Amino acid sequence: MKYIEGLMDYTMDRDTAVTLGKFDGVHRGHQKLIGRICEKKREGLESVVVTIWPDPRAKALLTKGEKKALLRSLGVQWWMDCPFLPQISHMEPEEFVREILIKRLRAKYIAVGSDFRFGYQRKGDCALLASLQKELGYELEIVEKECCRNREISSSFIKEALEQGDMELVNELLGYVYTVQGEVLHGRRIGRTLGMPTTNLIPSVGKLLPPNGVYASKTVIRPLGEEDGEDGEVYLGITNIGYKPTVGEYFRGVETYLFDFDGDLYGRNIAVQLCCFERPEKKFADMELLKEQMHRDIDFGKKYFDIDGKKAICYTDLA
């Protein structure tokens, strides 16, 4: 997949199928749009996803690296990532269609959601796109929203579920497991002294996290030298998000105990998939009480994955 930042300094040299939006989370609704443009490869069109962000500093469901890996895995050929700069935000809707979609992107097919808005003061809509398609020679498809639990799937819906720690709903809405990734750092080795060595990572500052607490999790240990992608060894475990108040940390970290793993992961890149919330983070009176709780957390995780029973899967294995 080719990545281009901005829309004003690049012109495609081939015809394309385009979809546009924020694509925060690249959830099931977004995946439906992306599937439409990727289908057009059979007609010789290059698939292009255009994302326009009002505030790139805002925390998001996906980091840029995570979004890039996910779009690539979905078969997208071009990702045009555009900050909401004045030359875009002040562009009249019809000018945006003519100058950006047709002249620069050479769009022959455009797929958007039914509530899509664009251009200055968001005055552009599906009706405008439909009115111009014959003159400008493109095909427009207005794709109906994906729904779940009698509600349209949206980034706002997902963020509400994430704030509540309802990871099973989050994962159902996304169509994949919510993941926090990064490089394993040296910690204070307190887990090792308790007989339960853990991995520690600090998430990206731009990454939204669920509430502090303990979660049943899956961890993908990627091959050396790889920072993203789906390949790697997968281990079940439990993950604590927070400040570890019993021992005290100054940063909000992600600490994971892997079942049946004994090895050195320092410096390796891992992806921690959050499957189910167990309990909020808690400060214990002493280390012995913390150790007892950790054993209960481990029992919860093993029961959730049904390790000693018939299966060890969660929703995302079926997605």
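Please refer to the structure placed before this passage.
Note that the coordinates shown come from a computational prediction; the quantities given were computed from them, not determined experimentally.

Conventions adopted
Residues numbered from 1 in each chain as written. Predicted model: local features only at pLDDT ≥ 70, side-chain atom pairs only at ≥ 80, totals over all residues. Heavy atoms only, no water. Helix = DSSP H or I, 4+ residues; strand = E, 2+ residues; numbered from the N terminus. Buried < 20%, exposed > 50% of the residue type's maximum accessible area, 1.4 Å probe, protein only. Contact = heavy atoms within 4.5 Å. Areas by Shrake-Rupley, 256 points an atom, 1.4 Å probe, with all protein chains shown as cover. Core = buried A, V, L, I, M, F, W, Y, C linked by side-chain atoms within 4.5 Å. Expected span 1.5 Å × (residues − 1). Axes fitted to C-alpha atoms, helices over the stretch in contact; angles between N-to-C directions. Parallel < 35°, antiparallel > 145°, perpendicular 65-115°, else oblique. Left-handed = near helix turned anticlockwise from the far one by under 90°. Nonpolar A, V, L, I, M, F, W, Y, C, P; charged D, E, K, R; others polar. Disulfide = S-S within 2.5 Å. Pairing = 2+ DSSP bridges. Salt bridge = Lys/Arg side-chain N within 4 Å of Asp/Glu carboxyl O.

Colleague: Would you mind going over the overall build of the protein with me for this structure?
Modeller: Of the regular secondary structure elements, the protein holds 9 helices and 14 strands. Burial statistics for the protein: of 319 residues in total, 49% are counted as buried. Counting only contacts in the protein whose residues sit at least 6 apart along the sequence, the fraction spanning at least 24 positions is 75%. Split by element, the accessible area of the protein, about 15800 Å² in all, is 48% carbon and sulfur.

Colleague: Looking at this structure, how should I read the nonpolar core?
Modeller: Nonpolar side chains in soluble globular proteins generally cluster together in the buried interior. Core analysis: the biggest nonpolar cluster contains 45 residues, and I34, V49 and V170 have the highest contact counts within it. In terms of residue count, the dominant contributor to this core is helix α7 (residues 167-174) (5 residues). Those residues in contact with V170 that lie beyond four places of it in its chain are I158, A161, L162 and Y178. In this structure, F118, C126, L128 and L129 belong to the second largest nonpolar core, which totals 30 residues.

Colleague: Looking at this structure, I do not really get helix α1 (residues 28-39). What am I missing?
Modeller: Within an α-helix, residues lying three or four positions from one another point in the same direction, as the helix has 3.6 residues per turn. With 12 residues, α1 should reach 16 Å at 1.5 Å per residue; the first-to-last C-alpha distance of 16 Å fits that figure. Turning to α1, its buried residues are G29, H30, L33, I34, I37 and C38. On its buried face, α1 is in contact with β2 (16-21), β3 (46-53), α2 (64-73), β5 (107-113), β6 (139-143) and α6 (155-163).

Colleague: Help me understand the packing of helix α4 (residues 93-104) against helix α5 (residues 126-136), please; the structure alone is not making it clear to me.
Modeller: To characterise two packed helices, one gives the angle between the axes of the helices and the distance between these axes. Interaxial distance between α4 and α5 falls to 11 Å at its minimum, and their mutual angle equals 50°. With respect to their mutual orientation, α4 and α5 come out oblique. Read as a crossing pair, α4 and α5 show a hand that is right-handed. Where α4 abuts α5, its residues P93, E94, V97, R98, L101 and I102 lie against L128, L129, L132, E135 and L136. The residue makeup of the contact of α4 with α5, split by class, is 8 nonpolar, no polar and 3 charged.

Colleague: Mind showing me how you'd approach α7 here?
Modeller: The buried count for α7 comes to 6 of 8 residues, which makes it a mostly enclosed element. Structurally, α7 contributes buried residues whose contacts are with α1, β7 (147-148), α6, β9 (178-183), β11 (213-221) and β14 (269-280). Just past α7, the residue G175 takes up positive phi, approximately 85°.

Colleague: Looking at this structure, how should I read the state of the cysteines?
Modeller: Simply put, the disulfide is a covalent bond whose two ends are the sulfur atoms of two cysteines. Counted under the stated rule, the structure contains 0 disulfides. You can see C276 has no disulfide; the closest cysteine sulfur is in C275, sitting 8.1 Å from it.

Colleague: How do you make sense of the sheet that holds strand β1 (residues 2-5) when you look at a structure like this?
Modeller: Hydrogen bonds between backbone groups are what pair the strands of a sheet, and the pairing can be parallel or antiparallel. Spatial strand order, β1-β4-β3-β2-β5-β6: 6 strands in an open sheet with parallel pairing. The open sheet is flanked by β1 and β6, the only strands paired with a single partner. Sheet twist, expressed as the average angle between the axes of neighbouring strands with direction ignored, equals 20°. As judged from the 6 bridges shared by β2 and β3, these two strands associate in the parallel manner. Opposite T16, over in β3, you have E46 as the bridge partner.

Colleague: What should I look at first to understand unusual backbone geometry in this one?
Modeller: Peptide bonds are trans in most cases, and residues, glycine excluded, mostly fall at negative phi. If you check the backbone angles, R106 has positive phi at about 55° while not being a glycine. By the element assignment, R106 lies in the loop between α4 and β5. With a relative accessible area of 31%, R106 lands in the partly exposed category.

Colleague: Got a minute to help me understand the sheet that holds strand β10 (residues 199-201) in this structure?
Modeller: Across the sheet, 6 strands lie side by side as β9-β14-β11-β12-β13-β10; this open sheet has antiparallel pairing. Each of the sheet's edge strands pairs with one partner strand only, and the pair in question is β9 and β10. Each neighbouring strand pair of the sheet contributes to a mean axis angle of 35°, computed without reference to strand direction. Pairing of β11 with β14, which is carried by 9 bridges, proceeds in the antiparallel orientation. Bridge pairing in β14 links V220 to A271. In this fold helix α9 (residues 287-305) packs onto β11, β12 (233-242), β13 (253-258) and β14, with an angle of close to 100° to the strand it touches most, β14.

Colleague: Please clarify how the pattern of salt bridges should be interpreted in this entry.
Modeller: Opposite charge on two side chains permits them to pair, given that their charged atoms come into close proximity. In this structure the tally under the stated criterion is 20 salt bridges. A salt bridge links K32 to E146, with the shortest nitrogen-to-oxygen separation between them at 3.2 Å. With K32 in helix α1 and E146 in the loop between β6 and β7, this pair connects stretches of sequence that are 114 residues apart. Judged by its relative accessible area of 24%, E146 is partly exposed. Salt-bridge contacts for R151 lead to E160; the nearest nitrogen and oxygen are separated by 3.0 Å. For R151, a relative accessible area of 34% gives the class partly exposed. Overall, the relative accessible area of 35% leaves E160 in the partly exposed class. Each of the salt bridges in this network shares a partner with another, and the network as a whole consists of E5, K64 and D81.

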